[in-house]
Amino acid sequence: MQPSNINDTRLAHTNLYFSASIRSQKKGKRNVYALDRDACMSYRFYYYYHLERARFDDAIMLMEREFFISGRKIADRLTENNELLKDIALNAPSHKQLKQRYPHFNWN
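Rules behind the numbers
Residues numbered from 1 in each chain as written. Predicted model: local features only at pLDDT ≥ 70, side-chain atom pairs only at ≥ 80, totals over all residues. Heavy atoms only, no water. Axes fitted to C-alpha atoms, helices over the stretch in contact; angles between N-to-C directions. Helix = DSSP H or I, 4+ residues; strand = E, 2+ residues; numbered from the N terminus. Parallel < 35°, antiparallel > 145°, perpendicular 65-115°, else oblique. Contact = heavy atoms within 4.5 Å. Nonpolar A, V, L, I, M, F, W, Y, C, P; charged D, E, K, R; others polar. Phe/Tyr/Trp six-rings, centres within 6.5 Å; stacked < 30°, edge-to-face > 60°. Buried < 20%, exposed > 50% of the residue type's maximum accessible area, 1.4 Å probe, protein only.

1. Quick look at the packing of helix α3 (residues 56–67) against helix α4 (residues 71–80)
Here comes step 1: Interaxial distance between α3 and α4 falls to 9 Å at its minimum, and their mutual angle equals 110°. Comparing their axes, α4 and α3 come out roughly perpendicular. For the pair formed by α3 and α4, the contact residues are Ile60, Met63 and Glu64 on the first element and Gly71, Ile74, Ala75 and Leu78 on the second.
Here comes step 2: Split into classes, the residues belonging to the contact of α3 with α4 amount to five nonpolar, one polar and one charged.

What follows is the structure, encoded as structure tokens:
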């Protein structure tokens, strides 16, 4: 389809640019922050489950609100990062250490 005027031409070029830009951003950059997010979720789970003594399902429910992802996804990520969870539990960081690591969360 040929553009009928100069505005249609500009719009066509803009659409091509943005669709190519979006495609290139997805390629190789998917979940750039996933490792950091998963580590943060592991520490947060440690906090709720070990320090606050929340039940597993309650900890997941609280984390759903904080991370804006489903409980199923959180459980999957925690399962995949089981070694990190074991390491965190073994080192048993205090509230103060958790606050230093992730100051944007409330650790009280």
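Moving on, there is more to tell.
2. A word on the packing of aromatic side chains
Here comes step 1: Summed over all chains, the structure comprises seven aromatic pairs.
Here comes step 2: For the pair Tyr47 and Trp107, a centre-to-centre distance of 5.1 Å together with 85° between the ring planes defines the contact as edge-to-face. In this pair, Tyr47 sits in helix α2 (residues 34–51) while Trp107 sits in the segment after α6 (95–101), placing the two residues 60 residues apart along the sequence.
Here comes step 3: By relative accessible area, Tyr47 is classed as buried at 3%.
Here comes step 4: Using a relative accessible area of 2% as the deciding quantity, one classes Trp107 as buried.
Here comes step 5: Three or more aromatic residues joined by ring pairs form one cluster here, namely Tyr47, Tyr48, Phe67, Phe105 and Trp107.

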